[in-house]
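Here is how the chains run, residue by residue.
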Amino acid sequence: MQEKVSIIGLGAMGSVLAHLLVQEKLAVTVWNRTAAKAERLIKDGANYTDDIHAAVLASPLVIICVLDYAATTEILRDVDIQGKTIVQLSTGTPQDAREMAVMMQSRGASYLDGAILATPSQMGQPSTPIFLSGAGKAFERSEAVLKILAGTLLYMGDAPGAAAAWDLAALSSMFGMMFGFFHGARIIEAEGLQVAALGNMISDISPVLGQMVKSTADDIQQEHYTSPQSSLELCALSFELMMRQAAESNIQSPFPVFALELFNKARAAGYGEERLAAIMKVLR
Ligand code: FVH
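Residues numbered from 1 in each chain as written. Predicted model: local features only at pLDDT ≥ 70, side-chain atom pairs only at ≥ 80, totals over all residues. Heavy atoms only, no water.

Topic: the pattern of salt bridges
No. 1: Summed over the entire model, instances satisfying the criterion amount to 10 salt bridges.
No. 2: With a closest N to O distance of 3.1 Å, Arg275 and Asp219 form a salt bridge. Taken as a pair, Arg275 in the loop between helix H11 (254-268) and helix H12 (279-283) and Asp219 in helix H9 (residues 206-221) lie far apart in primary sequence, 56 residues in all. Across the pair, exposure class does not vary: Arg275 and Asp219 are buried alike.
No. 3: As a salt-bridge pair, Arg267 and Glu240 come within 2.9 Å of each other at their nearest N and O atoms. Note that Arg267 is positioned in helix H11 and Glu240 in helix H10 (residues 232-249), a separation of 27 residues in sequence.
No. 4: With relative accessibility at 22%, the residue Arg267 sits in the partly exposed group.
No. 5: Put simply, Glu233, Glu240 and Arg267 are held in one network by salt bridges that share partners. (Salt bridge = Lys/Arg side-chain N within 4 Å of Asp/Glu carboxyl O. Helix = DSSP H or I, 4+ residues; strand = E, 2+ residues; numbered from the N terminus. Buried < 20%, exposed > 50% of the residue type's maximum accessible area, 1.4 Å probe, protein only.)

The following block contains the structure:
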């Protein structure tokens, strides 16, 4: 028998999710607040209903991908979700996820919280990651379908907030690197060099950058701050240089200013001769 899945939300991401399942010949029912967004999917073979009650009733597995958790709460307010397996793929905080899990459980649904770490065009690949957490049974029931959407399912355990925490931590790591890159790109531009070449170089050395993150994470986990190869003071000096270069080249310096503020707090706390990981003690 054809597996039945309902997709709630047909924005940029939800439409792709529905399309991938239709392509695999699943019986897909779709619902969206704005009906026009379902047109292409109807042509491709999805079942459409403008009645949210009918959309949820249509399938044992319901995948929601809308703007945020407030929209999910609003959409499902009066809907009977008893006995359903509900997978939330909208982005939120761990607290959003915990509150959603309590609400779902109180209404008899089995809840899996998810966070997609990819853009719509990256969906459906073996390496596409989705963090998931919450009811283990809900994960077991939805795993095969979710694998069609993203080949790398990272189930982080039964705490509902875990997937959102992993997602935000990964996003912070990723965008933190990007802001450093933007400042690097301004340095390159100021010297009349090619930003694309900087991109290539960073891509080439990315395994080394990954090792640095990993070893700093190990230091933090083990509270190991002494005997540095490069002291925090030495790292701070790089940012003093960036400040001077920015002044010399007349470029803005919000990123070095931000980093130096933290370095200066660490220096003031007496961590100058410790490992870079000691920044964590300032943040705590
Ligand atoms: N697009 C991406 O790259 C990212 C990648 C990582 C994960 N996200 C998250 O996925 C959620 C949905 O994102 P999206 O890209 O599909 O977003 P939009 O294209 O803006 O579509 C938003 C959908 O949400 C519906 N919606 C919004 N508010 C309400 C509401 N109050 N009641 C009912 N539906 C609502 C909206 O409906 P409509 O405007 O078409 O009527 C769209 O279906 C999001 O959490 C990302 O962070 C995507």
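Some words on the packing of aromatic side chains
No. 1: Enumeration over the complete set of coordinates arrives at 6 aromatic pairs.
No. 2: An angle of 80° between the planes, with centres 5.7 Å apart, marks the rings of Phe179 and Phe182 as edge-to-face. Of this pair, Phe179 and Phe182 both sit in helix H7 (residues 162-190), 3 residues apart, which is roughly one turn of that helix.
No. 3: Connected via pairs of aromatic rings, a cluster forms that spans Phe179, Phe181 and Phe182. (Phe/Tyr/Trp six-rings, centres within 6.5 Å; stacked < 30°, edge-to-face > 60°.)

Points about the packing of H7 against H10
No. 1: Relative to each other, H7 and H10 sit at 45°, their axes nearing to 11 Å. Overall, the two elements H7 and H10 adopt an arrangement that is oblique. In the crossing of H7 with H10, the sense of the turn from one axis to the other is left-handed. Along its contact with H7, which presents His183, Ile187 and Ala190, the element H10 presents Met242, Gln245 and Ser249.
No. 2: Here the residues of the contact of H7 with H10 sort into 3 nonpolar, 3 polar and no charged. (Axes fitted to C-alpha atoms, helices over the stretch in contact; angles between N-to-C directions. Parallel < 35°, antiparallel > 145°, perpendicular 65-115°, else oblique. Left-handed = near helix turned anticlockwise from the far one by under 90°. Contact = heavy atoms within 4.5 Å. Nonpolar A, V, L, I, M, F, W, Y, C, P; charged D, E, K, R; others polar.)

So, the pairing of strand E2 (residues 27-31)
No. 1: Of all 5 residues in E2, 5 are buried, a share of seventy percent or more.
No. 2: Both faces of E2 are covered, namely the face carrying Ala27, Thr29 and Trp31 and the face carrying Val28 and Val30.
No. 3: Two elements, strand E1 (residues 4-8) and E2, share 5 bridges in a ladder whose sense is parallel. Its bridge partner lying in E2, Val5 is registered against Val28.
No. 4: For the handedness criterion, the β-α-β arrangement of E1, helix H1 (residues 12-23) and E2 is classed as right-handed.
No. 5: With 2 bridges joining them, E2 and strand E3 (residues 47-48) adopt parallel strand pairing. Its bridge partner being in E3, Val30 is matched across the sheet by Tyr48. (Pairing = 2+ DSSP bridges. Right-handed = clockwise from strand over helix to strand, strands pointing away.)

Remember that the coordinates give geometry; whether it matters functionally is a separate question.
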